[in-house]
Amino acid sequence: MKTLDTASVRLDFPILSELVNGKPVVFLDSAASSQKPAQVLQAMQRVYRATYANVHRGVYTFSERGTELYDQARAKIAQFIGAPRPETIVFTRNATEALNLVAYSYGRAFLRPGDEIVITELEHHANFVPWMVLAKERGLALKFIPLTAEGMLDLSRLDELITPKTRLVSFAQVSNVLGTIIDPAPIIARARSVGATIVVDGSQAVPHMPVNVQDMDCDFYAFSGHKMLGPTGIGVLYGKLHLLEAMPPFLTGGDMITSVTFERATWNDPPLKFEAGTPSFVEAIGLGAAVDYLSALGMDAVRAHERAIVEYALERMSEVPGTRIFGPTDPAIRGGVLTFALNGIHPHDLATLLDREGIAIRAGHHCAQPLHIRLGVNATARASFYVYTETREIDALVEGIYKAKKTLRK
Amino acid sequence: MKTLDTASVRLDFPILSELVNGKPVVFLDSAASSQKPAQVLQAMQRVYRATYANVHRGVYTFSERGTELYDQARAKIAQFIGAPRPETIVFTRNATEALNLVAYSYGRAFLRPGDEIVITELEHHANFVPWMVLAKERGLALKFIPLTAEGMLDLSRLDELITPKTRLVSFAQVSNVLGTIIDPAPIIARARSVGATIVVDGSQAVPHMPVNVQDMDCDFYAFSGHKMLGPTGIGVLYGKLHLLEAMPPFLTGGDMITSVTFERATWNDPPLKFEAGTPSFVEAIGLGAAVDYLSALGMDAVRAHERAIVEYALERMSEVPGTRIFGPTDPAIRGGVLTFALNGIHPHDLATLLDREGIAIRAGHHCAQPLHIRLGVNATARASFYVYTETREIDALVEGIYKAKKTLRK
Amino acid sequence: MEDLYRDNLLDHYENPRHHGTLEHADISHEESNPLCGDTIRIDIQLGEDGRHIAAIAFSGDGCIISQAAASMLLEAVAGKTIDDAQKLETQDVLALIGVPLTTNRVKCAALSLKVLKTGIYRHLIEQAQKPHINRQSLDPKSDI
Amino acid sequence: MEDLYRDNLLDHYENPRHHGTLEHADISHEESNPLCGDTIRIDIQLGEDGRHIAAIAFSGDGCIISQAAASMLLEAVAGKTIDDAQKLETQDVLALIGVPLTTNRVKCAALSLKVLKTGIYRHLIEQAQKPHINRQSLDPKSDI
Ligand SMILES: Cc1ncc(COP(=O)(O)O)c(C=O)c1O
Ligand SMILES: Cc1ncc(COP(=O)(O)O)c(C=O)c1O
């Protein structure tokens with residue numbers, strides 16, 4: 001397996017040589033959104049500067065070239081996650097829109113009052129609120145796979161939770177708060193056995209480890225481009241083709257039709273059926289470049305690097321007095337996310353004080369309030385890592401925490 | 001009034017010095033999507049290279065700076081269209097999503113079986129199909145303001161069409177096919193008098209002329225960034241604040257809530273209530289830069305320039321034998337769009353042949369099939385203009401058309 | 001002239017083979033190109049065996065590529081079986097045309113093949129008379 | 001230390017004024033900061049005239065900024081009228097804090113003012129007893 005040469009990776013990220021408050025930036029918030037390599041920025045600039053035009057409907061050079069680049073990006077992304085065909089990849093704004101698409105289109109067409117949806121207690125709001133709204137609107141029951149004390153999913157009563165009444169099961173492959181890497185196999189096996197549709201929120205998985213949606217055998221898989229070196233404004237919904245074909249459209253308008261008269265409209269085939277209006281095609285091309293970049297690094301190498309970093313971070317942080325670390329402490333089942341609380345120091349104050357040292361961490365509920373209710377805290381502090389993270393940045397974090405404690409006399 | 005110095009404007013657009021098939025590009029497809037000035041591209045590059053981080057939830061420097069730039073962009077756009085407050089500006093992917101947002105959120109909450117929606121015969125699919133779907137789903141009637149032979153709206157029977165049963169009226173301010181500039185006043189006056197909600201599709205207006213949504217007194221106003229020098233992936237829905245407040249959310253997830261428990265969720269205030277998940281904030285910042293660029297040119301000057309170009313184009317094209325021009329021939333009520341058909345030459349073939357000369361025009365139904373049914377043709381050819389268009393490009397087009405006719409022996 | 005608008009293509013456009021409609025068709029199907037709204041309809045009369053294409057015709061008008069491609073395609077399948085026709089791919093139509101097309105123009109060339117294959121497909125489904133097959137899931141183009 | 005975490009602010013954080021709850025409050029309102037989930041609740045007892053703030057208290061815990069801001073705000077409005085309180089703007093709270101805050105931290109500082117004003121607002125609406133006022137349109141935060 002390749003290993004990651006972080007020093008040379010860092011050279012590709014122009015922003016990492018910036019100063020923040022006079023200090024070299026230590027960026028530890030990649031789980032919220034990653035930085036972008038020059039390769040991705042250049043791919044988008046090239047389109048805007050040399051061959052820009054609206055896609056699909058033009059038969060002149062710029063538009064043809066844009067359409068080809070857009071199609072290539074779709075094919076690259078399909079290959080990256082092991083999807084069988086480019087047509088199974090629907091572009092959305094972000095993971096949130098991808099999950100809403102399933103809830104609106106699949107959910108409203110195929111779920112009936114009395115049906116049950118099962119999610120987990122650790123979901124991001126993006127994989128929580130759409131189901132809550134759907135359940136309320138359609139008279140469905142929403143149930144939760146509970147957490148263990150170690151921040152893993154408690155699958156001991158899976159068969160009682162997922163029953164023949166369960167029509168849809170949705171869960172995050174990796175928790176954005178606890179870092180827990182969830183083994184999809186037992187959940188998917190149980191869901192399949194009762195004939196439920198399976199949705200996986202891969203927002204924190206695709207950027208960080210090899211993913212193969214066909215091996216996993218999920219029905220839908222959602223993630224965002226901006227967390228995996230891509231630009232803002234682009235996300236992905238993978239769906240099995242027969243499902244995408246059977247589903248009604250979500251947004252309607254140009255490009256998603258084959259014909260419109262005053263009386264009726266005929267829908268285009270997937271994926272275009274779900275991409276109404278001018279798509280974010282420059283962003284899609286940027287995401288294609290991000291996938292090229294990650295593929296060149298090798299996703300096994302990316303995962304190995306992050307595992308080493310999170311192992312080091314767990315070690316160093318456990319030395320700090322008054323620290324509570326959330327989630328599994330075994331780096332083998334933990335993504336590159338370290339979430340913690342310090343006795344007597346609110347995460348916001350910690351983040352503000354660390355910022356003075358140029359260190360960026362996130363503080364709050366990380367869009368997972370129900371999980372925080374289970375953890376018994378309103379807010380936590382989170383440092384998260386990616387391909388450019390170095391152990392010396394963990395050292396800087398720990399030092400910064402000691403300094404903050406001193407400032408606040410804790 | 002300022003006048004436009006096209007020669008200096010063109011220097012800001014790197015793509016205009018490209019060659020296509022060995023010829024200098026003549027880009028006449030801005031109505032589909034405009035080119036971008038370096039200023040817009042640089043504004044986005046600056047974010048990615050110097051201060052990128054996810055917005056809203058971070059309390060460190062990059063995130064704070066990104067949030068400020070995002071908020072500033074919203075304020076700029078509000079000012080540009082005369083909206084009273086930044087909170088009335090909701091960011092979407094494009095005009096299509098903006099119109100779908102109204103149809104889903106407003107339409108499903110406030111329209112009842114038997115209510116009527118009135119649109120026009122010249123609408124783009126984006127302002128047609130969402131209402132068609134809503135009407136079908138909710139048992140509403142969908143009615144159409146007809147066209148006159150000159151390609152204007154026939155308002156002679158407006159009072160019979162818009163009645164107290166009419167709950168929503170939606171129309172394009174400028175037609176993307178006919179170029180017709182529609183005076184919103186009589187339609188809005190009639191709609192107001194029956195208490196209907198008023199939606200305006202400003203996709204072809206905001207890029208090309210001064211717009212003031214408060215003077216116009218519409219309830220909702222939708223447009224896309226990519227047609228007005230901005231990047232792909234960003235669109236705008238303006239809505240009156242009391243309506244945005246009363247409407248249920250559309251997409252749900254992170255950022256659009258104030259709190260989520262296992263039992264209930266509380267929505268954020270507009271506009272965030274409608275912006276679920278990580279927004280396309282870099283694109284929004286790019287659109288803010290586009291608005292700065294257009295404001296510096298002056299929207300009166302932009303309109304005057306396009307009016308002069310379309311006047312010249314109408315003149316030159318009327319010389320070409322076998323040409324049928326669609327839409328008003330008075331440049332005072334015509335935007336910078338020239339749509340035509342040539343006897344015996346299909347628009348696709350014309351576009352392909354012009355492309356060999358480096359000339360980009362669009363051919364097809366321009367996402368307005370119902371309108372084409374009224375025009376009695378499947379497809380038309382469209383040349384469209386913008387701040388960088390020069391009369392010599394119209395000359396090149398006319399010359400190219402003569403050459404195509406010769407090639408196809410017509 | 002060279003390449004795209006060369007004589008062979010223009011000839012098929014100006015003198016389309018199998019152009020028209022058939023009154024007693026066993027298969028009739030029509031679709032439009034989402035790009036331009038152009039419509040192509042194909043009518044087929046089958047031989048006694050229900051497999052051979054005894055007569056075939058197309059109608060609708062459109063650009064040179066779509067019309068010439070339809071003319072060439074119908075020339076190629078006339079007299080063959082519908083099973084042979086089902087095996088054709090976009091590549092085969094492009095080979096008939098013989099000159100390179102850009103991505104979006106491929107859609108023009110491919111329309112007649114799509115109409116042909118979908119028409120035959122629906123015919124086969126109807127013949128099969130299998131009520132347990134969910135037609136919606138066979139036909140991706142649900143509509144309103 | 002300098003600026004943000006200087007002594008005055010830390011003092012209000014460590015020794016919050018008006019911290020607690022009131023048993024017989026005329027006004028009680030609670031909201032949370034969408035940024036972090038921190039919650040602030042404010043209780044008010046009014047004077048005989050129904051206008052003066054006779055007693056006021058806040059509860060909930062959160063970051064130094066939100067807690068100190070609440071403490072300073074309540075110190076400022078205690079004994080004033082609810083009409084005076086309604087006139088306060090975010091700027092006024094920032095002035096009390098006296099050191100510059102970044103955009104997202106302003107939300108922390110502004111939370112207690114939002115709770116105070118929304119609580120008073122709802123109280124006034126209830127008092128007004130105007131059934132023709134659509135409460136939903138007055139209260140932007142509909143929910144499920
Ligand atoms: C009048 C009109 N409305 C709506 C749209 C849809 O814009 P978009 O594709 O950016 O959503 C367009 C552009 O194609 C248009 O011209
Ligand atoms: C697990 C998980 N799901 C969903 C999301 C939502 O992603 P986005 O905001 O890009 O839609 C995130 C990121 O915040 C996440 O971490």
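What you see is a predicted model; the values in this text were computed from it and never measured. (Residues numbered from 1 in each chain as written. Chains lettered and ligands numbered in written order. Predicted model: local features only at pLDDT ≥ 70, side-chain atom pairs only at ≥ 80, totals over all residues. Heavy atoms only, no water.)

(A) Spatial organisation of the overall build of chain C. The helix and strand inventory of chain C stands at six helices and three strands. Tracing chain C from N to C terminus, the helices and strands come up as α-β-β-β-α-α-α-α-α. Put simply, of all contacts in chain C between residues at least 6 apart along the chain, 60% involve residues at least 24 apart. Accessible area for chain C stands at about 6700 Å²; split by element, carbon and sulfur atoms hold 49% of it. (Helix = DSSP H or I, 4+ residues; strand = E, 2+ residues; numbered from the N terminus. Contact = heavy atoms within 4.5 Å. Areas by Shrake-Rupley, 256 points an atom, 1.4 Å probe, with all protein chains shown as cover.)

(B) Quick peek at the overall build of chain A. The number of helices and strands found in chain A is 14 helices and 17 strands. On C-alpha atoms alone, chain A measures out to a radius of gyration of 22 Å, which is about the 22 Å that the 2.2 N^0.38 rule sets for 410 residues. Taking all 410 residues of chain A together, 72% fall into the buried category. Nonlocal contacts in chain A, meaning residues at least 24 apart in sequence, comprise 71% of its contacts between residues at least 6 apart. Accessible area for chain A stands at about 12000 Å²; split by element, carbon and sulfur atoms hold 51% of it. Chain A carries 41 positive and 43 negative side-chain charges, and their two centres are separated by 5 Å. (Rg over C-alpha atoms; globule rule 2.2 N^0.38 Å. Buried < 20%, exposed > 50% of the residue type's maximum accessible area, 1.4 Å probe, protein only. Lys, Arg positive; Asp, Glu negative; His and termini not counted. Charge placed at Lys NZ, Arg CZ, Asp CG, Glu CD.)

(C) Representation of the site of ligand 2. Taken together, 14 residues surround ligand 2, and among them T96, D201, S224, H226 and K227 of chain A come closest. Residue neighbours of ligand 2 fall on chains A and B, so the site bridges chains. Here a nitrogen atom of ligand 2 and a side-chain polar atom of S203 of chain A are 3.3 Å apart. For ligand 2, the protein covers 98% of the area, taking 390 Å² as the surface of the free molecule. When the residues that make up the shell around ligand 2 are grouped by side-chain class, the tally is two nonpolar, 10 polar and two charged. (Near = heavy atom within 4 Å. Polar contact = N/O pair within 3.5 Å; in protein donor to acceptor, adjacent residues only side chain to side chain. Nonpolar A, V, L, I, M, F, W, Y, C, P; charged D, E, K, R; others polar.)

(D) Examining the pairing of strand β6 (residues 141–145) of chain A more closely. All names here are of chain A. Judged from the five bridges that link them, strand β5 (residues 116–120) and β6 form a sheet pairing that is parallel. Residue T120 lies in a different strand from β6, and its bridge partner there is I145. In this fold, the crossover linking β5 to β6 by way of helix α5 (residues 129–138) has right-handed handedness. (Pairing = 2+ DSSP bridges. Right-handed = clockwise from strand over helix to strand, strands pointing away.)

(E) Just the interface of chain C and chain A, in detail. With 16 residues of chain C in contact, the opposing surface of chain A contributes 21 residues. On inspection of chain C and its partner chain A, the count reaches one salt bridge. Taken together, the connections running from chain C to chain A amount to eight residue pairs in polar contact (both at pLDDT 80 or more). Taken together, the elements giving at least two residues each to the side of chain C that touches chain A come down to α5 (103–128) and α6 (135–138) of chain C. No other element matches the five residues that α5 of chain C contributes to the side of chain C that touches chain A. (Salt bridge = Lys/Arg side-chain N within 4 Å of Asp/Glu carboxyl O.)

(F) Inspection of the relation of the copies chain A and chain B at higher detail. Aligned on chain B, chain A shows an RMSD of 0.0 Å; the corresponding rotation is 180 degrees and the shift along the axis is 0.0 Å. Overall, the copies show the geometry of a two-fold rotation axis. Measuring from the rotation axis to each C-alpha of chain A, the shortest distance belongs to G233 of chain A, at 2.9 Å. (Least-squares fit on C-alpha atoms with pLDDT ≥ 70 in both.)

(G) Just unusual backbone geometry, in detail. Residue and element names in this part refer to chain A. Between P270 and the following residue, P271, the backbone shows a cis peptide bond with an omega angle of 0 degrees. Positive phi, normally seen in glycine, also occurs at N21, with a value near 50 degrees. Tracing the sequence through the fold places N21 in the loop between β1 (19–20) and β2 (23–24). In the Ramachandran plot, D217 falls in the positive-phi region, its phi being about 65 degrees despite a non-glycine side chain. Tracing the sequence through the fold places D217 in the loop between α8 (213–216) and β9 (220–224). For D217, a relative accessible area of 28% translates into the label partly exposed.

(H) Looking closely at the domain arrangement of chain A. All names here are of chain A. By the assigned domains, chain A splits into domain 1 (6–32 + 298–407) and domain 2 (41–295). Just the C-alpha atoms count here: the centres of domain 1 and domain 2 sit 28 Å apart. Taken together, the 35 residues of domain 1 in the interface contact 31 residues of domain 2. Summing both sides of the interface, domain 1 and domain 2 together bury roughly 2600 Å²; the carbon and sulfur share of this comes to 61%. Of all residues in domain 1, M299, L371 and Y386 give up the largest surface area on contact with domain 2, accounting jointly for 24% of the area buried on that side. (Domains from an automatic or database assignment. Buried area = accessible area lost by both parts, 1.4 Å probe.)

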